[in-house]
Amino acid sequence: MTTFKTLLLAAAVLAPAAIVAPAAHAQVSGIAVADPQGAIAASKAWTTARGQIETTYKAQLDQAETRRQAIARELQPLVTAFQTAQRAPTPNAAALQTQAQTIQARETAANQELARLTQPAQRAQQYVIEQIQAKLGDAVTNAVRAKNVTLLLRPDAALFAQPAADITTSITAELDRLVPTVGITPPAGWQPNQQGQQGGAAAAAPAAPARGAPARTQPQGR
């Protein structure tokens, strides 16, 4: 189970993308690559806010992690029994289906429980990400203009790119300038994605789902 500090929130948003790290020389024929997700993840605003969220919601995150581990221990015997029955010379299909459904139902309940425990931290980090994403379009535009880029590609759109073609860190530098800090407390009535797509820019935003993220212990071969 990856900790809160190392996970990335699963809230994907469309945006110009590419893969890259800035270089002193000009991009080949005005073509560059950049990774908006990486640019946001490396920004000072995100790094600082992430630490603040971990501190502010430490009690809930610790509780979620404790429950996650307990649930995993509860599920393991069920999974082991299922796998043992599945390997029997003449497995009982109906019994296997019942076992699998029992495990799946317990996992669903666990996911819901852990989601409730981590919801405050998740909400805070969504708010943080949207604030940074709101400036991503301007950051990309500024970096592209400064590097004389005429075509910016997503990481998966380029079969090969020289390191000199990567302007990701230039975008991060612009983000640091445009949005040096962000708040972690959403205002009353705030809902996710209210400003996450401003400026025509977006990216698979870095995020750190809480340490209590559900564990996957599903039986194989269901």
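This one's a predicted model, so the numbers in the text were calculated from it and none came from an experiment.

Q: How do you make sense of the overall build of the protein when you look at a structure like this?
A: The helix and strand tally for the protein stands at six helices and two strands. Here the protein holds 222 residues, and 41% of them are scored as buried. A fraction of 90% describes how many contacts in the protein between residues 6 or more apart in sequence connect residues 24 or more apart. Within the structure as shown, the protein displays about 11600 Å² of accessible surface, and the carbon and sulfur contribution to it stands at 55%.

Q: So what exactly am I meant to see when it comes to the nonpolar core here?
A: Nonpolar side chains in soluble globular proteins tend to be buried together. Counting residues in hydrophobic clusters, the biggest one holds 28 residues, and the most contacted among them are Val-128, Ile-132, Leu-152, Ile-167, Ile-171 and Leu-175. Those elements giving two or more residues to this core turn out to be helix H1 (36-41), helix H2 (44-56), helix H4 (93-133), helix H5 (136-146) and helix H6 (168-178). One finds Ala-64, Leu-75, Val-79 and Ile-103 within the second-largest nonpolar core, a separate group that totals eleven residues.

Q: Teacher, can you tell me more about the packing of aromatic side chains here?
A: Two measures describe an aromatic ring pair: the distance that separates the ring centres and the angle between the ring planes. Scanning all chains against the criterion turns up one aromatic pair. Taken together, a centroid distance of 5.3 Å and an interplanar angle of 70° make the contact between Tyr-127 and Trp-190 edge-to-face. Of this pair, Tyr-127 sits in helix H4 while Trp-190 sits in the segment after H6, placing them 63 residues apart in sequence. Across the pair, Trp-190 and Tyr-127 agree in class, each one buried.

Q: Quick question: what am I supposed to make of the pattern of salt bridges here?
A: It is possible for side chains of opposite charge to pair when their charged atoms get near one another. Counted under the stated rule, the structure contains five salt bridges. The partner of Asp-62 in a salt bridge is Lys-58, and the shortest N-O contact between them spans 2.5 Å. Here the residue Asp-62 and the residue Lys-58 both occupy positions in helix H3 (residues 58-86), the gap between them amounting to four residues, near one helical turn. The class for Lys-58 is partly exposed, based on a relative accessible area of 47%. In this structure, Arg-67 and Glu-113 form a salt bridge, with 2.6 Å as the shortest nitrogen-oxygen distance. Of the two residues, Arg-67 sits in helix H3 while Glu-113 sits in helix H4, which places them 46 residues apart along the sequence.

Q: What am I meant to see in H2 here?
A: Structurally, the α-helix is built with 3.6 residues per turn, so residues lying three or four positions apart point the same way. Given a rise of 1.5 Å per residue, 13 residues ought to cover 18 Å, and the 18 Å separating the end C-alpha atoms of H2 matches this to within 8%. For H2, the secondary structure elements touched by its buried residues are H1, H3, H4 and H6.

Q: Explain the environment of Pro-91 here, please?
A: Secondary-structure assignment places Pro-91 in the loop between H3 and H4. The class of Pro-91 is partly exposed, set by a relative accessible area of 38%. Every residue in contact with Pro-91, bar those within four places of it in the chain, is listed here: Ala-85, Gln-86 and Leu-96.

Cut-offs used in this document
- Residues numbered from 1 in each chain as written.
- Predicted model: local features only at pLDDT ≥ 70, side-chain atom pairs only at ≥ 80, totals over all residues.
- Heavy atoms only, no water.
- Helix = DSSP H or I, 4+ residues; strand = E, 2+ residues; numbered from the N terminus.
- Buried < 20%, exposed > 50% of the residue type's maximum accessible area, 1.4 Å probe, protein only.
- Contact = heavy atoms within 4.5 Å.
- Areas by Shrake-Rupley, 256 points an atom, 1.4 Å probe, with all protein chains shown as cover.
- Core = buried A, V, L, I, M, F, W, Y, C linked by side-chain atoms within 4.5 Å.
- Phe/Tyr/Trp six-rings, centres within 6.5 Å; stacked < 30°, edge-to-face > 60°.
- Salt bridge = Lys/Arg side-chain N within 4 Å of Asp/Glu carboxyl O.
- Expected span 1.5 Å × (residues − 1).

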